[in-house]
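Structure assessment
Listed here are the chains, written in short residue letters.
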Amino acid sequence: MTRTTTASGTVAYEIVDRVAWLYFNRPDKRNCMSPTLNDDMNAVLDELEYRDDFGVLVLTGEGTAFSAGMDLKEYFRETEAKGLGATRAAQRSSYGWWRRLRWYQKPTIAMVNGWCFGGAYGPLFACDLAFAAEDAQFGLSEINWGILPGGGATKIIRELTNFRNAMYHAMMGENVDGKTAAEWGLVNEAVPADRLKERVNDVAQVLLQKNPVALKATKDAIRRVGEMTYDNAEDFLVRAQEAANSYDNEGRKEGIKQFIDEKSYKPGLGAYDL
Ligand code: ACO
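None of the values given here were measured: they were computed from a predicted structure. (Residues numbered from 1 in each chain as written. Predicted model: local features only at pLDDT ≥ 70, side-chain atom pairs only at ≥ 80, totals over all residues. Heavy atoms only, no water.)

Some points on the side chain of N211
- With respect to the helices and strands, N211 occurs in the loop between α9 (196–207) and α10 (212–225).
- A distance of 2.9 Å separates a polar atom in the side chain of N211 from the backbone nitrogen of V213.
- For N211, the residues in contact, after removing those within four places along its chain, are D248, G251, R252, Y272 and L274. (Helix = DSSP H or I, 4+ residues; strand = E, 2+ residues; numbered from the N terminus. Polar contact = N/O pair within 3.5 Å; in protein donor to acceptor, adjacent residues only side chain to side chain. Contact = heavy atoms within 4.5 Å.)

Quick notes on the pairing of strand β8 (residues 129–133)
- Counting buried residues along β8, four of its five residues qualify, which places the element largely inside the surrounding structure.
- In this structure, strand β6 (residues 108–112) lies alongside β8, joined through four bridges in parallel fashion. Looking at the pairing, A110 lines up with A130 of β8.
- Bridge count between β8 and strand β11 (residues 189–191): three bridges; the pairing is parallel. Bridging from a neighbouring strand, F131 pairs with E189 of β11. (Buried < 20%, exposed > 50% of the residue type's maximum accessible area, 1.4 Å probe, protein only. Pairing = 2+ DSSP bridges.)

What to know about a nonpolar patch on the surface
- Taken together, the side chains of F163, M167, Y168, M171 and M172 define a hydrophobic patch exposed on the protein surface, amounting to about 500 Å² of accessible area.
- Looking at the secondary structure, you find M167 in helix α7 (residues 163–172).
- The exposure class of M167 is partly exposed, given its relative accessible area of 36%. (Patch = residues over 30% accessible without salt bridge, like charges linked within 9 Å, V, L, I, M, F, W, Y side chains within 5 Å. Areas by Shrake-Rupley, 256 points an atom, 1.4 Å probe, with all protein chains shown as cover. Salt bridge = Lys/Arg side-chain N within 4 Å of Asp/Glu carboxyl O.)

Some words on α10
- Relative to the 20 Å expected for 14 residues at 1.5 Å per residue, α10 spans 20 Å between its end C-alpha atoms, a close match to the ideal helical length.
- Taken together, the buried positions of α10 are V213, L215, K216, K219, D220 and A221.
- In this structure, the buried side of α10 is in contact with β6, α9 and α11 (230–247).
- One side-chain oxygen at the N-terminal end of α10 lies 2.9 Å from the backbone nitrogen of V213; it belongs to N211. (Expected span 1.5 Å × (residues − 1).)

Remarks on the packing of aromatic side chains
- Applying the stated criterion across every chain yields a total of nine aromatic pairs.
- Residues F24 and F66 carry aromatic rings whose centres are separated by 5.2 Å and whose planes lie at 80° to one another, so their mutual orientation is edge-to-face. Taken together, the residues F24 in strand β3 (residues 19–24) and F66 in strand β5 (residues 65–67) connect sequence positions 42 residues apart. Taken individually, F24 and F66 each receive the classification buried, so the pair is uniform in this respect.
- Of the aromatic side chains, those joined through ring pairs into one cluster are F24, F66, Y95, W97 and W98.
- Above the face of the F54 ring, K106 is positioned so that its terminal group lies 3.9 Å from the ring centre.
- Directly above the ring of W103 sits R224, whose terminal nitrogen or CZ lies 4.0 Å from the centroid. (Phe/Tyr/Trp six-rings, centres within 6.5 Å; stacked < 30°, edge-to-face > 60°. Lys NZ or Arg CZ within 6 Å of the ring centre and 35° of its normal.)

Remarks on the layout of surface pockets
- Of the volumes computed, that of the largest pocket is approximately 750 Å³.
- Elements that contribute at least two residues to the lining of the largest pocket include exactly α4 (121–126), β8, α6 (153–160) and α10.
- Here the element with the most residues in the lining of the largest pocket is α10; it accounts for six residues. (1 Å grid on protein atoms, 1.4 Å probe; cavity = no way out; pocket = protein on both sides within 12 Å on 5 of 7 lines; lining within 4 Å. Points joined across faces, edges and corners; volume = space filled by probe spheres on them.)

Let's talk about the site of the ligand
- Lining the immediate environment of the ligand, one finds 17 residues, of which K29, A68, M70, G119 and S141 sit closest.
- Contact between the ligand and L72: a nitrogen atom at 2.9 Å from a main-chain N or O atom of the residue.
- When the ligand is considered free in solution it has 920 Å² of accessible area, and contact with the protein chains removes 61% of it.
- For the shell around the ligand, the secondary-structure elements that each account for two or more residues are α2 (72–81), β7 (115–117) and α5 (142–145).
- Tallied by class, residues from the shell around the ligand come to eight nonpolar, four polar and five charged. (Near = heavy atom within 4 Å. Nonpolar A, V, L, I, M, F, W, Y, C, P; charged D, E, K, R; others polar.)

Below is the structure:
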């Protein structure tokens, strides 16, 4: 296993058993997101996306934090001092890699190992699945230092949990732990910290057994249909499946053959042999 670190040192990754483990790598700064880190995330996501030596990407943090949100010094104070152009450029870079991750070619999992604040809800939501340590801490701390939860965070909390939880979380600036985050729907599951990596790797290994074209179509469809009427969704899904068929003509036929002709598996109980 080789660990690759960007020149600035803010981002690192390693590929193990066809899983890419991508790290916020500023543990001494609790992995807060500086413009440099955001630029590096864009570059690394670009570099990795279409490589065929891995099939699932896990985003996590080095040290005690997943990410303590935006870097209040480098992302806010120093960038604002350079003027509106610099502020917009910093926003493009951060929002850019979160958007990139929302529509990533490979399935993505957020592994929330510790602190997760404010702007970190962007990449948290961008990942398709999310698992947290039971003692991880989640907070919209913006209100504690005098701003609203921007950069999508307000939208994300409304999207993931109910109105009352969202309002309390954003207005009170109190943290919730991993267990509550799971109850609220911010993550799929909370597990004891010492079992977190093993659980995430197990999920990744299951995803690696699924048809990758179908996975990409499925994850995009789940995001797209949220704002559609039923009829629009029905129509969109017909077209999405036909588009997937046009560049994966064999996969689903193999899936049907192994079930109907070879009787080697049951789709209700697991995936066909890729
Ligand atoms: N921006 C800039 N620097 C940060 C940030 C941040 N978001 N978070 C941590 N750091 C820096 C600290 O200033 C400190 O730097 P120093 O060593 O040069 O003094 C270093 O990281 C370590 O931080 P500590 O506070 O000493 O670490 P501790 O483990 O005691 O506390 C905690 C961790 C709770 C995460 C604390 O650092 C904190 O409250 N950070 C800010 C969290 C936050 O509100 N983020 C912004 C959310 S809003 C948004 O993202 C838009």
